[in-house]
Amino acid sequence: MNPEIPQAVCFRSNSVGALQNVSLRSAMRHITSTFGKKRLDAIGDNPFEQWRDKASEIKMEVLNNLQDYVSMFSRNATAAGAVVHHAKDAHMACDIVACLLRDHGAQKVVKSKSMISEEIHLNAFLERRNVQVTETDLGEYIIQIAGETPSHIIVPAIHKSRQQVGQLFCEKLGCEYTDNPASLTRTAKTLLRKEFLTAQAAISGANFAIAESGSICLFTNEGNGRMVTTLPPLHIVITSIDKMLPKLADLPVFMRLLPRSATGQILTSYFSLITGTRKESEFTGSQHLHIVLLDNGRSEIARGEFKEMLKCIRCGACMNVCPVYGIIGGHAYDSTYPGPMGVILSSLLNGLSQAHPLLDASTLCGACAEVCPVKIPLAKIISRLRELKVDRGLASETEMIGMLGFGIATKYPKLFEFGQLVASRAWPLARLIDKQTIDRLPRPVSRSFKRRLA
């Protein structure tokens, strides 16, 4: 686990900037509502709750016996021809990848989207060592040439309009401006095809790792995933230890849940099951397969009260229904993982000292938990982390005083009513003192709900 860093995320100031970005808010409103509708359509009359129960049960079995399944996977993947590496933290994982590339003389690498590589900042690490890294998922490719980070774990360029992408391609790639999605995609495909054919190594993530067979599972919607995992002679997989599933028979329930929860698809466009290296009778597949299993604090989390967070299958469904994320987007979180799942993972992986401001990024409405395909009690975990934030003295003095006063007032109905009256009368004066801050708060009503009913 990364050491706790005193410098806290500037979530509130980041959010103010995001709220002022009209194009961002429009893009977020469109995409989150679209994904929500598609998800409901994909669920249909299927026994979705039964699938959720089963998936949750499987993931809890893994977390209750995590090291056993990691060991089983390592043995079986090795027997199938892969080389398995264990990385305690982000720096060790980056070092392992850099050494593998150096030993194979690889200076040109193609990547298929991997949130774990984003977590450990692998691209920047390799580029400092003169390794050319090219992202090949269209969304990742867009934000790479823009010099940005993903704003969503499934749709990394969700915050950009087609006009912005067209302008970016025109400026960075020297092509003629167009905002036609099909034309922009063709431009990217033409450029990326050359990268696939000349790459000396490939790096990918994994959606799941099957302990029983030592297999790696990949769900993708673009053909680049197959190109990355089959064309270059060296394939490096980076995945975290919580991605384990006990056996192949466990896969079907996740194959039903993941696409529906992530993008509203019944099935993902491509599903790849990779077991070991290319065999003599095969014509595709890597000649050398190395699998880096990253811990980075997950073993410790699995032993603690927040172990259920490690059930997460990175579908992004919680983001698509979160009223906070749906307005400000992912960059305001200043973290690899945004949205409700990101609030928790950032707090657990980076420490509360750094991530505690993100705990404000939730209304605790519970919508995230309702759509989570593996039934993680996201709102309850965020609430518990807020308690720890207060216990550790990380809440601001203003917040502490305000909540203390509110707690006292709510104990006494007459005092609470008096407070409501004072707030409504004092509002104009408060705006004169600090208009910018006050205008972000809900305006007190002149007549309370109770008085309206009287």
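Residues numbered from 1 in each chain as written. Predicted model: local features only at pLDDT ≥ 70, side-chain atom pairs only at ≥ 80, totals over all residues. Heavy atoms only, no water.

1. Re the overall build of the protein chain
Line of reasoning, step 1. Summing up its helical and strand segments, the protein chain has 23 helices and ten strands in all.
Line of reasoning, step 2. Taken against the 2.2 N^0.38 rule, which gives 22 Å for 454 residues, the C-alpha radius of gyration of the protein chain at 24 Å falls within 12% of a compact globule.
Line of reasoning, step 3. Dimensions of the protein chain along its principal axes, counting C-alpha atoms only, are 85 × 55 × 50 Å.
Line of reasoning, step 4. Across the 454 residues in the protein chain, those meeting the buried criterion constitute 50%.
Line of reasoning, step 5. For the protein chain, the share of sequence-separated contacts (at least 6 apart) that also reach a separation of at least 24 residues comes to 74%.
Line of reasoning, step 6. For the protein chain, the exposed surface amounts to about 22000 Å²; the carbon and sulfur share of it is 55%.
Line of reasoning, step 7. With 53 positive and 42 negative side-chain charges, the protein chain shows a separation of 6 Å between the mean positions of the two kinds. (Helix = DSSP H or I, 4+ residues; strand = E, 2+ residues; numbered from the N terminus. Rg over C-alpha atoms; globule rule 2.2 N^0.38 Å. Buried < 20%, exposed > 50% of the residue type's maximum accessible area, 1.4 Å probe, protein only. Contact = heavy atoms within 4.5 Å. Areas by Shrake-Rupley, 256 points an atom, 1.4 Å probe, with all protein chains shown as cover. Lys, Arg positive; Asp, Glu negative; His and termini not counted. Charge placed at Lys NZ, Arg CZ, Asp CG, Glu CD.)

2. Let's talk about the sheet that holds strand 8 (residues 244-245)
Line of reasoning, step 1. In space, the four strands of this open sheet follow the order 8-5-6-9, with mixed pairing throughout. Where the open sheet ends on each side, the last strands, each with one partner, are strand 8 and strand 9 (270-274). (Pairing = 2+ DSSP bridges.)

3. A look at the pairing of strand 10 (residues 288-294)
Line of reasoning, step 1. Taken across its seven residues, strand 10 has six buried, putting it largely inside the fold.
Line of reasoning, step 2. Bridge analysis of strand 1 (residues 83-87) against strand 10 gives five bridges, and the strand direction is parallel. For valine 83, the partnering residue across the bridge sits in strand 10 and is histidine 290.
Line of reasoning, step 3. Summarising the sheet, strand 7 (residues 234-240) and strand 10 pair through seven bridges and their orientation is parallel.

4. Digging into the sheet that holds strand 7
Line of reasoning, step 1. Taken in spatial order, the six strands of this open sheet run 1-10-7-4-2-3, and their pairing is parallel. The outermost strands of the open sheet, each flanked by one partner alone, are strand 1 and strand 3 (132-135). When the angles between neighbouring strand axes are averaged without regard to direction, this sheet yields 20°. (Axes fitted to C-alpha atoms, helices over the stretch in contact; angles between N-to-C directions.)

5. A short note on a nonpolar patch on the surface
Line of reasoning, step 1. Taken together, the side chains of Leu404, Ile408, Tyr412, Leu415, Phe418, Leu421 and Val422 make up a nonpolar region of the molecular surface, amounting to roughly 680 Å² of accessible area.
Line of reasoning, step 2. Among the secondary structure elements, those contributing two or more residues to the nonpolar patch are helix 20 (397-411) and helix 21 (413-433).
Line of reasoning, step 3. The dominant element in the nonpolar patch, judged by the number of residues it contributes, is helix 21, at four residues.
Line of reasoning, step 4. The exposure class of valine 422 is partly exposed, given its relative accessible area of 38%. (Patch = residues over 30% accessible without salt bridge, like charges linked within 9 Å, V, L, I, M, F, W, Y side chains within 5 Å. Salt bridge = Lys/Arg side-chain N within 4 Å of Asp/Glu carboxyl O.)

6. Considerations on the packing of aromatic side chains
Line of reasoning, step 1. As enumerated under the stated definition, the model contains seven aromatic pairs in all.
Line of reasoning, step 2. Judged by centre distance (5.9 Å) and plane angle (80°), the ring pair of phenylalanine 208 and phenylalanine 219 falls under edge-to-face. On the criterion of sequence distance, the pair formed by phenylalanine 208 in strand 5 (residues 208-210) and phenylalanine 219 in strand 6 (residues 215-220) is long-range, its members being eleven residues apart.
Line of reasoning, step 3. Residue phenylalanine 219 is classed as buried on the basis of its relative accessible area of 13%.
Line of reasoning, step 4. Between phenylalanine 208 and phenylalanine 254, the aromatic rings sit 5.1 Å apart at their centres with planes inclined by 50°, giving tilted as the arrangement. (Phe/Tyr/Trp six-rings, centres within 6.5 Å; stacked < 30°, edge-to-face > 60°.)

7. Quick notes on the side chain of glutamate 195
Line of reasoning, step 1. Summarising the element assignment, glutamate 195 is placed in helix 10 (residues 181-198).
Line of reasoning, step 2. Here the side chain of glutamate 195 touches glutamine 132 through a polar contact of 3.4 Å, side chain to side chain.
Line of reasoning, step 3. Each residue touching glutamate 195, except ones within four places of it in the same chain, is listed here: Lys108, Val110, Gln132 and Thr134. (Polar contact = N/O pair within 3.5 Å; in protein donor to acceptor, adjacent residues only side chain to side chain.)

8. A look at the pattern of salt bridges
Line of reasoning, step 1. With the rule as written, the count across this model stands at 16 salt bridges.
Line of reasoning, step 2. Note that glutamate 195 is salt-bridged to lysine 108, the shortest N-O span being 3.6 Å. On the criterion of sequence distance, the pair formed by glutamate 195 in helix 10 and lysine 108 in strand 2 (residues 108-111) is long-range, its members being 87 residues apart.
Line of reasoning, step 3. Residue class for glutamate 195 comes out buried when judged on its relative accessible area of 17%.
Line of reasoning, step 4. One network of salt bridges, in which partners are shared, links Glu49, Arg52, Asp53 and Lys375.

9. Things to note about the nonpolar core
Line of reasoning, step 1. Core analysis: the biggest nonpolar cluster contains 112 residues, and Leu101 and Leu126 have the highest contact counts within it.
Line of reasoning, step 2. Sorting elements by how many residues they give to this core places helix 5 (residues 90-103) first, with eight residues.
Line of reasoning, step 3. Aside from chain neighbours lying at most four places away, what touches leucine 126 is Val97, Ala98, Leu101, Val131, Val133 and Ile203.
Line of reasoning, step 4. Core analysis: the second largest hydrophobic core is formed by 16 residues, Ile143, Ile145, Ala188 and Phe196 among them. (Core = buried A, V, L, I, M, F, W, Y, C linked by side-chain atoms within 4.5 Å.)

10. Description of the confidence of the model for the protein chain
Low-pLDDT stretches of the model should not have their predicted coordinates read in fine detail.
Line of reasoning, step 1. Averaged over the protein chain, the pLDDT score is 91; the fraction of residues at 70 or greater is 97%.
Line of reasoning, step 2. Confidence over residues 1-6 falls short of pLDDT 50; this stretch has 19 contacts with residues more than four positions distant or in other chains. (pLDDT = per-residue confidence, 0-100.)

11. Some remarks on empty space enclosed by the protein
Line of reasoning, step 1. Under the defined criterion, the tally for this structure stands at two cavities of 30 Å³ or more.
Line of reasoning, step 2. Computed from the structure, the largest cavity encloses a volume of approximately 90 Å³.
Line of reasoning, step 3. Taken together, 15 residues make up the lining of the largest cavity; nearest its centre are Cys312, Cys315, Cys318, Met341 and Cys372.
Line of reasoning, step 4. Class assignment for the residues of the lining of the largest cavity results in 13 nonpolar, one polar and one charged.
Line of reasoning, step 5. Here the second largest cavity is characterised by a volume of approximately 60 Å³.
Line of reasoning, step 6. A breakdown of the residues in the lining of the second largest cavity according to their chemical character gives seven nonpolar, three polar and no charged. (1 Å grid on protein atoms, 1.4 Å probe; cavity = no way out; pocket = protein on both sides within 12 Å on 5 of 7 lines; lining within 4 Å. Points joined across faces, edges and corners; volume = space filled by probe spheres on them. Nonpolar A, V, L, I, M, F, W, Y, C, P; charged D, E, K, R; others polar.)

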